[in-house]
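# Structural description and commentary
Listed below are the residues making up each chain.
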2 protein chains.
Amino acid sequence: MKLRLARYVPILDWGRTYDRSALSDDLVAAVIVTIMLIPQSLAYALLAGLPPEAGIYASILPIVLYAIFGTSRALAVGPVAVVSLMTAAAVGQVAEAGTMGYALAALTLAFLSGAILLVMGVFRLGFLANFLSHPVIAGFITASGILIAASQLSHILGIRGGGDTLVEVIEGLVAHLGDVNPVTLAIGVAATGFLFWVRKGMKPWLRARGVGPRLADVLTKAGPVAAVVVTTLATWGLGLADRGVAVVGPVPQSLPPLTMPSFDAGLLRQLFVPALLISVIGFVESISVAQTLAAKKRQRIDPDQELIGLGAANIGAAFTGGYPVTGGFARSVVNFDAGAATPAAGAFTAAGLAIAAVALTPLVYFLPKATLAATIIVAVLSLVDFSILKKTWAYSRADFFAVAATILLTLGFGVETGVSAGVILSIGLHLYKTSRPHVAEVGLVPGTQHFRNIRRHAVQTDPAILSLRVDESLYFVNARFLEDLIQDRVAQDCPIRHVVLMCSAVNEIDFSALESLEAINTRLTGLGIGLHLSEVKGPVMDRLRKSHFLEALNGQVFQAQYDAWRLLSAPAPAAAAR
Amino acid sequence: MKLRLARYVPILDWGRTYDRSALSDDLVAAVIVTIMLIPQSLAYALLAGLPPEAGIYASILPIVLYAIFGTSRALAVGPVAVVSLMTAAAVGQVAEAGTMGYALAALTLAFLSGAILLVMGVFRLGFLANFLSHPVIAGFITASGILIAASQLSHILGIRGGGDTLVEVIEGLVAHLGDVNPVTLAIGVAATGFLFWVRKGMKPWLRARGVGPRLADVLTKAGPVAAVVVTTLATWGLGLADRGVAVVGPVPQSLPPLTMPSFDAGLLRQLFVPALLISVIGFVESISVAQTLAAKKRQRIDPDQELIGLGAANIGAAFTGGYPVTGGFARSVVNFDAGAATPAAGAFTAAGLAIAAVALTPLVYFLPKATLAATIIVAVLSLVDFSILKKTWAYSRADFFAVAATILLTLGFGVETGVSAGVILSIGLHLYKTSRPHVAEVGLVPGTQHFRNIRRHAVQTDPAILSLRVDESLYFVNARFLEDLIQDRVAQDCPIRHVVLMCSAVNEIDFSALESLEAINTRLTGLGIGLHLSEVKGPVMDRLRKSHFLEALNGQVFQAQYDAWRLLSAPAPAAAAR
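As the structure is a computational prediction, the values presented were derived from the model and not from experiment.

Along chain A, the regular secondary structure elements total 24 helices and ten strands. Projected onto its principal axes, the C-alpha positions of chain A cover 100 × 60 × 60 Å. Of all 578 residues assigned to chain A, the portion counted as buried reaches 55%. Counting only carbon and sulfur atoms, one obtains 65% of the accessible surface of chain A, whose full area is about 24000 Å². Considering chain A, the positive charge centre built from 42 side chains and the negative charge centre built from 37 side chains are found 8 Å apart.

Have a look at this one:
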């Protein structure tokens, strides 16, 4: 019983061996992550169209719940860029930004998303995330990064913006280009330039000036905080808010409030598909971060338990004024690098953020939105990577097509259309490929018992035997293809007395394909041609034995293609080298 | 140029060799089919919720257009049971039965369906029909047959009915059970009983009484006409229409009218998905009839040209007062049996029906609807076949699950939900199966060069070599599965020095799987274990050569698993029989 409970509540596992050394590691990591998370949480809330405090609230209880139910020791859960963008797109369809209904819809989205993740976890449906291929994910992340960066340009320019697609965002920018606020623009450009330099050039610059590697590392991580502090002070000291610089403004000084999502059936129905997409995308992002970090320390991640951890975190967000959350790449890597030893580091981070929510929120009143936008732009542009297009073009046109379509549709029609189309396209292209399988005519490699394609190798053949190696499972999508192929081949070629289907690559024969094989057998019997199978795999053979096919088969089933060859080929030296 | 035109217009092919013998065969077939089609067309129009003449109109121009563009020599195109039911379900959602809007929506549905078929034909998308597995089709046809028969019971009982699902139909019947008209019931039961007897018992009964086989055949086919004539005369002679027997009533005496479908964007959008389903289901039904009949005469059907033929027929129906049509089983078999030699038989049938539309329609005024309902019930109950459940249960649980779900969802939620769920389920179950592929650990069958599963065969193994045969293509759905499997296996088993992936069943390695293989290679290199591939198929190898994987691979690629065994296994007699 204890063991079974520990499966669903991993804290019972690592909690028993917790000691002072782990505590000190976790506390140091928590301080570093907390400092980094304050501006990031405010910025992502802005991206999601929510009041800034929602970003902080979404980082507190969710982190604690993930620490209890999750399996990764380094994953930091909270608002992330792509999920914030998807939240804005989903909630924007059902409510006006800035209204109570908008915040309520965001809570409801988090609740739904949490419920979906929990159900997937309990029913062990983590494999569904595999339906997103690597190239589709890469394309989606790249396109989302571009969309997010473009959407933040309005804050840098100090004008109104918005829109779910690249065209809408650009149209919005162009329409308001006359309203550009020069002071805001100056702050935004300076902050963006500084943050890019922090990311790329600061560490070598410091090292060249004799700063030690450890200190250079800490200073580099403090860069975004410096940008926040400097621009806030400048805005306050120079009275720039009166000169049209948009600032964060009043943020309530409070612990996360107790909130309720809506249980209105109509709203739940409208938000269901977006919530499903957010759950799957969030899960895929989170699990890949968690697995990358776990592999470095030879720890193990249980994907189904991760679903439960993320589900609990989202339910937590729904009841404490947050919005959908997941495991973020940047924050998790910082947590890991800072030496977090157990999920308790997350709990301490939550405590740090709670203190910040109560004590520090007045300090961000004069924080310019342009600085937050700069933080986001610099973070998401590191996600943009077009090399996947080049790599897939060289390797596989189908993968290239899927990734190109995902990028274009995400940019052109928004995140939901983009990712749905990517999934459907990858599956469709896979089915299309398997619907016209590669079928090789094979012959014997002289001096061996090995059979290879007659077009690629110098092999022995016998004109009376047609040996076909079908390089695909036989199932409904390609059942008729094989029927047509054999019919065409036999009609052309008169001396054929035996057809041998070499099934070494046939991993399944479903009921539709079974009916096709029966039809082929009937037809060949009518023509006086024998139908044989060889190298049928164990599981496939087990299933064929349950049908009447083996009784009806006019030929034999051989264990090896070579056995078929020995028995069926003419004993006289009719076999000629090709 | 001429040849290319003949590809799209097959009449240019068979038309050139048309002679008097073919003409006489075609004429005889046309007379027989015309007589059979008159009551059937009226009945199916009734089922579709349309005025009776729509059924006749839908059989005239469509037959001619199919004769010009189609490739089957025996297929008879017109209204069929399942498509009529789907039409009723689709049009019923956008208009009230009996209104002008209803007939207009039916024309629009035919137009959309024709356009979809034409586009599929021009772009050679006939393979899309393969996405419907045999069991799903069988389940759908069975469930549709039950739905149709149930929906006709109200006409037999002489009460009002309706509904798209079995529950709705039964509720409708129960609600009006007090209104049963005893005279109608008597006619309906008598007609149904007679028609069942005609189908099952009449021929043996006639033969036993010394009637020749040819005459018995003709009399059997005339059975439904006899039922129509007798019940019409009885209703007219006994004045039964005044005693509440619903009759066909006035049917305009005219050639098919020139009609226009609606081009309202909203209506087109609402009807698009139903039109797509009708196109695909109609195409699958039609092509399977056409191929069955063509195989008997060793003729060939071109599926993509069939799409064009059926598309033209539906466009024709849309402009001449019809509704969606396809190649019907019963009418095509009758046409074939009656000796139709070329598609010209269809044209003569069209002429016969045109004459009937102008001259014979007053005669059906007193035809009871109960007789038409009896015709439909007897026809569709022959489609109901639950044996597919038993067959798939024995052979494959996944196929059983797909067929059972298709039947239940069609009965419970209507035809569109049923067939969509069937397609999605078959694809989903296939992906699920391939997401957890069968992976066998293999060893050498002593005295051969052949490797088989160590759990099923007595084979030689070497503790330093882990030989895994992956029985599935490697692609995004199962990419992570292999990564996890090898990691688990290598972690358990210390003496392993080499991992050999035997790729005889790997028909594809997509980009996601390539990235997984790279990750496996990196991980095994770190553990000092060699990764090798063997029996990689030509097309897969071609693709791997385009990537950097082969350079990064720490081991080798062997042509045969036996080569890997010879090189890697310890030269000392460390190999032990397992």
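So that's the structure; there's more coming.
On to helix H13 (residues 303-319) of chain A. Residue and element names in this part refer to chain A. The end-to-end C-alpha separation of H13 is 25 Å, in line with the 24 Å expected for 17 residues at 1.5 Å each. Burial analysis of H13 places 14 of its 17 residues in the buried class, the great majority of the element. N-capping of H13 is provided by Asp302, with a side-chain oxygen placed 3.1 Å from the backbone N of Asp304. Following H13 by one or two positions, Gly321 adopts a phi angle in the positive range, close to 70°.

The subject of this paragraph is the environment of A:Phe400. Residue and element names in this part refer to chain A. Counting through the fold element by element, Phe400 comes out in helix H18 (residues 397-413). In the structure, Phe400 is positioned 66 residues away from Val334 in sequence and 33 Å away in space, judged by C-alpha atoms. With residues up to four places along the chain from it excluded, the contact list for Phe400 reads Leu389, Thr392 and Trp393.

So, about the state of the cysteines. Summed over the entire model, instances satisfying the criterion amount to zero disulfides over all chains. Not part of a disulfide, A:Cys503 finds its nearest cysteine sulfur in B:Cys503, a span of 19 Å. Residue class for A:Cys503 comes out buried when judged on its relative accessible area of 5%.

Turning to empty space enclosed by the protein, a few remarks are in order. All names here are of chain A. By the definition in use, this model includes 15 cavities of 30 Å³ or more. Around the largest cavity, the lining comprises 15 residues; the ones closest to its centre are Ile63, Leu75, Ala76, Asn335 and Gly346. Elements with a contribution of two residues or more to the lining of the largest cavity: helix H4 (53-69) and helix H15 (344-359). Residues that form the lining of the largest cavity fall into these classes: nine nonpolar, five polar and one charged.

Our focus in this paragraph is the relation of the copies chain A and chain B. A rotation about an axis combined with a shift along that same axis relates the two copies of the chain. Between the two copies, chain A and chain B, the superposition gives an RMSD of 0.1 Å; the rotation angle is 180° and the shift along the axis is 0.1 Å. Both copies of the chain, as the preceding transformation shows, are related through a two-fold rotation axis. Using C-alpha coordinates, one finds that chain A approaches the rotation axis most closely at A:Ala505, a distance of 1.8 Å. A share of 100% of the interface residues of chain A reappears at the interface of chain B, consistent with the copies meeting face to face through the same patch.

Another aspect to go through is the interface of chain A and chain B. Opposite the 66 residues of chain A that make contact, chain B presents 66 residues. Interface of chain A and chain B: buried area, both sides summed, is about 6000 Å²; carbon and sulfur atoms make up 53% of it. Of all residues in chain A, A:Tyr395, A:Phe476 and A:Phe511 give up the largest surface area on contact with chain B, accounting jointly for 15% of the area buried on that side. Inspection of the chain A/chain B interface yields six salt bridges. Ionic pairing is found between A:Glu508 and B:Lys433, a salt bridge with its closest N-O pair at 2.5 Å. Put simply, chain A and chain B have 28 residue pairs in polar contact (both at pLDDT 80 or more) between them. When contributions to the side of chain A that touches chain B are tallied by element, the ones reaching two or more residues are helix H7 (134-157), helix H17 (387-395), helix H19 (415-435), helix H20 (479-492), helix H21 (511-526) and helix H22 (538-545) of chain A.

Below, the discussion takes up the pairing of strand E8 (residues 530-534) of chain B. Residues and elements named next belong to chain B. Of all five residues in E8, five are buried; the element is thus mostly enclosed. With five bridges connecting them, strand E7 (residues 498-502) and E8 associate as parallel partners. Residue pairing across strands places Met502 opposite Ser534, the latter belonging to E8. Handedness of the crossover is the feature at issue here: the chain leaves E7, passes through helix H21 (residues 511-526), returns alongside E8, and the resulting connection is right-handed.

With that settled, consider the confidence of the model for chain A. Residue and element names in this part refer to chain A. Mean pLDDT over chain A stands at 87; residues scoring 70 or higher make up 96%. Here residues 572-578 scores under 50 on pLDDT; set against residues more than four positions off or in separate chains, the count is eleven contacts. Among the prediction metrics, the complex's ipTM stands at 0.78, with pTM recorded as 0.78.

What follows is about the packing of aromatic side chains. Under the criterion given, the structure shown has 18 aromatic pairs over all chains. Look at A:Trp393 and A:Phe400: their rings are 4.8 Å apart centre to centre, the planes differ by 75°, and that puts the pair in the edge-to-face class. For the ring pair A:Phe451 and A:Trp565, a centre distance of 6.1 Å and an interplane angle of 70° mean the geometry is edge-to-face. With a gap of 114 residues between them, A:Phe451 in strand E4 (residues 451-453) and A:Trp565 in helix H24 (residues 561-568) connect regions that are remote in the sequence. Pair check on accessibility: A:Phe451 and A:Trp565 agree, each one buried. Put simply, the rings of A:Phe111, A:Phe263 and A:Phe319 pair up and form one aromatic cluster. Here the guanidinium or amino end of A:Arg543 rests over the ring plane of B:Tyr395, the centre of that ring lying 5.9 Å away. Sitting above the plane of the B:Trp393 ring, B:Arg397 keeps its charged end 3.9 Å from the centroid.

Once that is clear, we can look at the environment of A:Val333. Mapped onto the secondary structure, A:Val333 falls in helix H14 (residues 329-337). In sequence terms A:Val333 and A:Val33 are 300 residues apart; their C-alpha atoms lie 9.7 Å from each other.

Summarising the element assignment, B:Ala45 is placed in helix H3 (residues 20-47). Distance from B:Ala45 to B:Ser435, taken between C-alpha atoms, is 46 Å for residues 390 residues apart in sequence.

To continue, consider the nonpolar core. In globular proteins that are soluble, nonpolar side chains generally tend to be buried together. Counting residues in hydrophobic clusters, the biggest one holds 136 residues, and the most contacted among them are A:Val499, A:Leu501, A:Ile509 and A:Leu544. In contact with A:Ile509, other than residues within four places in its own chain, are A:Leu474, A:Leu514, A:Leu517, A:Val540, A:Arg543, A:Leu544 and B:Tyr395. With 134 residues, the next largest nonpolar core counts A:Leu42, A:Ile141, B:Leu474 and B:Ile496 among its residues.

A word on the packing of H17(A) against H18(A). Residue and element names in this part refer to chain A. Interaxial distance between H17 and H18 falls to 6 Å at its minimum, and their mutual angle equals 150°. With respect to their mutual orientation, H17 and H18 come out roughly antiparallel. Of the residues in H18, those touching H17 at Ile388, Leu389, Thr392, Trp393 and Tyr395 are Arg397, Asp399, Phe400, Val403, Ala404 and Ile407.

A separate point is unusual backbone geometry. Of note in the backbone geometry, A:Arg124 takes a positive phi value of approximately 55° without being a glycine. Among the residues examined, A:Arg124 registers a relative accessible area of 36% and is labelled partly exposed. With a phi close to 55°, B:Glu535 is a non-glycine residue in the positive phi region. With respect to the secondary-structure elements, B:Glu535 resides in the loop between E8 and helix H22 (538-545). Residue B:Glu535 is classed as buried on the basis of its relative accessible area of 17%.

As a further point, take the pattern of salt bridges. On inspection of all chains with the given rule, the structure shows 18 salt bridges over all chains. Between A:Lys537 and B:Asp471 there is a salt bridge, with its nearest N and O atoms 2.8 Å apart. Placement of the pair is A:Lys537 in the loop between strand E8 (530-534) and H22 and B:Asp471 in the loop between strand E6 (465-470) and helix H20 (479-492), with the two residues belonging to separate chains. We classify A:Lys537 as buried; its relative accessible area is 4%. Its relative accessible area of 3% is what places B:Asp471 among the buried residues. The shortest N-O distance in the salt bridge between B:Asp542 and B:Arg545 comes to 3.6 Å. Note that B:Asp542 and B:Arg545 are positioned in helix H22 at a spacing of three residues, about one turn of the helix. Overlapping salt bridges bring together A:Arg456, B:Asp542 and B:Arg545 as one network.

Another aspect to go through is the pairing of strand E6 (residues 465-470) of chain A. Residues and elements named next belong to chain A. Of all six residues that make up E6, six are buried, and the element is covered over most of its length. Neither face of E6 is open: one carries Ile465, Ser467 and Arg469, the other Leu466, Leu468 and Val470, and all of them are buried. Both strand E3 (residues 439-444) and E6 contribute to a ladder of three bridges, which runs antiparallel. Bridge assignment links Glu441 to a residue of E6, and that residue is Leu468. Two elements, E6 and strand E7 (residues 498-502), share five bridges in a ladder whose sense is parallel. Bridge pairing in E7 links Leu466 to Val499.

Reading guide: rules and limits
Residues numbered from 1 in each chain as written. Chains lettered and ligands numbered in written order. Predicted model: local features only at pLDDT ≥ 70, side-chain atom pairs only at ≥ 80, totals over all residues. Heavy atoms only, no water. Helix = DSSP H or I, 4+ residues; strand = E, 2+ residues; numbered from the N terminus. Buried < 20%, exposed > 50% of the residue type's maximum accessible area, 1.4 Å probe, protein only. Areas by Shrake-Rupley, 256 points an atom, 1.4 Å probe, with all protein chains shown as cover. Lys, Arg positive; Asp, Glu negative; His and termini not counted. Charge placed at Lys NZ, Arg CZ, Asp CG, Glu CD. Expected span 1.5 Å × (residues − 1). Polar contact = N/O pair within 3.5 Å; in protein donor to acceptor, adjacent residues only side chain to side chain. Contact = heavy atoms within 4.5 Å. Disulfide = S-S within 2.5 Å. 1 Å grid on protein atoms, 1.4 Å probe; cavity = no way out; pocket = protein on both sides within 12 Å on 5 of 7 lines; lining within 4 Å. Points joined across faces, edges and corners; volume = space filled by probe spheres on them. Nonpolar A, V, L, I, M, F, W, Y, C, P; charged D, E, K, R; others polar. Least-squares fit on C-alpha atoms with pLDDT ≥ 70 in both. Buried area = accessible area lost by both parts, 1.4 Å probe. Salt bridge = Lys/Arg side-chain N within 4 Å of Asp/Glu carboxyl O. Pairing = 2+ DSSP bridges. Right-handed = clockwise from strand over helix to strand, strands pointing away. pLDDT = per-residue confidence, 0-100. Phe/Tyr/Trp six-rings, centres within 6.5 Å; stacked < 30°, edge-to-face > 60°. Lys NZ or Arg CZ within 6 Å of the ring centre and 35° of its normal. Core = buried A, V, L, I, M, F, W, Y, C linked by side-chain atoms within 4.5 Å. Axes fitted to C-alpha atoms, helices over the stretch in contact; angles between N-to-C directions. Parallel < 35°, antiparallel > 145°, perpendicular 65-115°, else oblique.

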